[in-house]
Amino acid sequence: QMLKFGQLIDLQLLDKGMVKDKGEEEMNNKLEVIDAANERELAKLERKHRGLKESLLAVTQENTALLSRIADLSAKQFSLEKDLNTGGNSVAVADAGPAVRNEIEERNRLVSLVKMQAKEGDALKAEI
């Protein structure tokens, strides 16, 4: 026993506290192994996530391009039908009003869809 700052200290208790427990070392080693495995898995998942994000961006851009083409072709078809309906004297269509209105609505819907997908593509670009 030894006096330190007016208190009795048992040296045997100090020695017991300094000796590391074998079970504690084993658990620390197991934790390190598990931690390393989790870090590898996390890195693998992050790489996969990045790849999927890039493929989503590519598919969205391709889809946007196709929808833009559809909108252009629809506008061209609308224009051609309009010219056909107004320009031909011998050809008469019974009632082109609803068909024209449907074409305009479809074209407007496709244009808004293209704009929305362009915004999504820009958002993905910004995120990457």
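Quick notes on the rules
- Residues numbered from 1 in each chain as written.
- Predicted model: local features only at pLDDT ≥ 70, side-chain atom pairs only at ≥ 80, totals over all residues.
- Heavy atoms only, no water.
- Helix = DSSP H or I, 4+ residues; strand = E, 2+ residues; numbered from the N terminus.
- Buried < 20%, exposed > 50% of the residue type's maximum accessible area, 1.4 Å probe, protein only.
- Contact = heavy atoms within 4.5 Å.
- Areas by Shrake-Rupley, 256 points an atom, 1.4 Å probe, with all protein chains shown as cover.
- Expected span 1.5 Å × (residues − 1).
- Salt bridge = Lys/Arg side-chain N within 4 Å of Asp/Glu carboxyl O.
- Axes fitted to C-alpha atoms, helices over the stretch in contact; angles between N-to-C directions.
- Parallel < 35°, antiparallel > 145°, perpendicular 65-115°, else oblique.
- Left-handed = near helix turned anticlockwise from the far one by under 90°.
- Nonpolar A, V, L, I, M, F, W, Y, C, P; charged D, E, K, R; others polar.
- pLDDT = per-residue confidence, 0-100.

A word on the overall build of the chain
In step 1: Helices and strands together make up the secondary structure of the chain, namely three helices and two strands.
In step 2: For the chain, buried positions account for 9% of its 128 residues.
In step 3: Expressed as a percentage of contacts within the chain between residues at least 6 apart in sequence, the contacts between residues at least 24 apart total 78%.
In step 4: Accessible area of the chain: about 10,900 Å², with a carbon and sulfur share of 57%.

Focus: helix α2 (residues 22-87)
In step 1: Here α2 contains 66 residues, and its C-alpha end-to-end distance of 96 Å stays within 8% of the 98 Å for a straight helix at 1.5 Å per residue.
In step 2: Along α2, the residues that are buried comprise K53, L57, T60, T64, L67, A71 and S74.
In step 3: Where α2 is buried, its residues contact α3 (97-127).

Considering α3
In step 1: Taking 1.5 Å of rise per residue, 31 residues should cover 45 Å, and α3 covers 45 Å from first to last C-alpha, within 8% of that figure.
In step 2: The complete set of buried residues in α3 reads L110, V114, Q117, G121 and L124.
In step 3: Buried residues in α3 make contact with α2.

Notes on the pattern of salt bridges
In step 1: If you walk through the whole model with that rule in mind, you get two salt bridges.
In step 2: Taking the shortest distance from any N to any O, the salt bridge between K53 and E127 comes out at 2.7 Å. In this pair, K53 is assigned in helix α2 and E127 in helix α3, connecting sequence segments 74 residues apart.

Quick look at the packing of α2 against α3
In step 1: Between α2 and α3, the least distance of the axes is 9 Å, while the angle of their chain directions is 155°. The angle between the axes of α2 and α3 places the two elements in the roughly antiparallel class. Crossing of α2 over α3 shows left-handed handedness.
In step 2: A class-by-class count of the residues in the contact of α2 with α3 yields 15 nonpolar, nine polar and six charged.

A few points about the side chain of Q117
In step 1: As for its position among the elements, Q117 is in helix α3.
In step 2: Not counting chain neighbours up to four residues away, the residues in contact with Q117 comprise T60, N63, T64 and L67.

Notes on the confidence of the model for the chain
In step 1: Per-residue pLDDT for the chain has a mean of 83; in total, 81% of the residues score no lower than 70.
In step 2: Highest mean pLDDT in the chain belongs to α2 (92); lowest belongs to strand β1 (residues 2-4) (56).

Side note on the environment of I70
In step 1: Along the polypeptide, I70 turns up in helix α2.
In step 2: In this structure the C-alpha to C-alpha distance between I70 and V114, which are 44 residues apart in sequence, comes to 9.6 Å.

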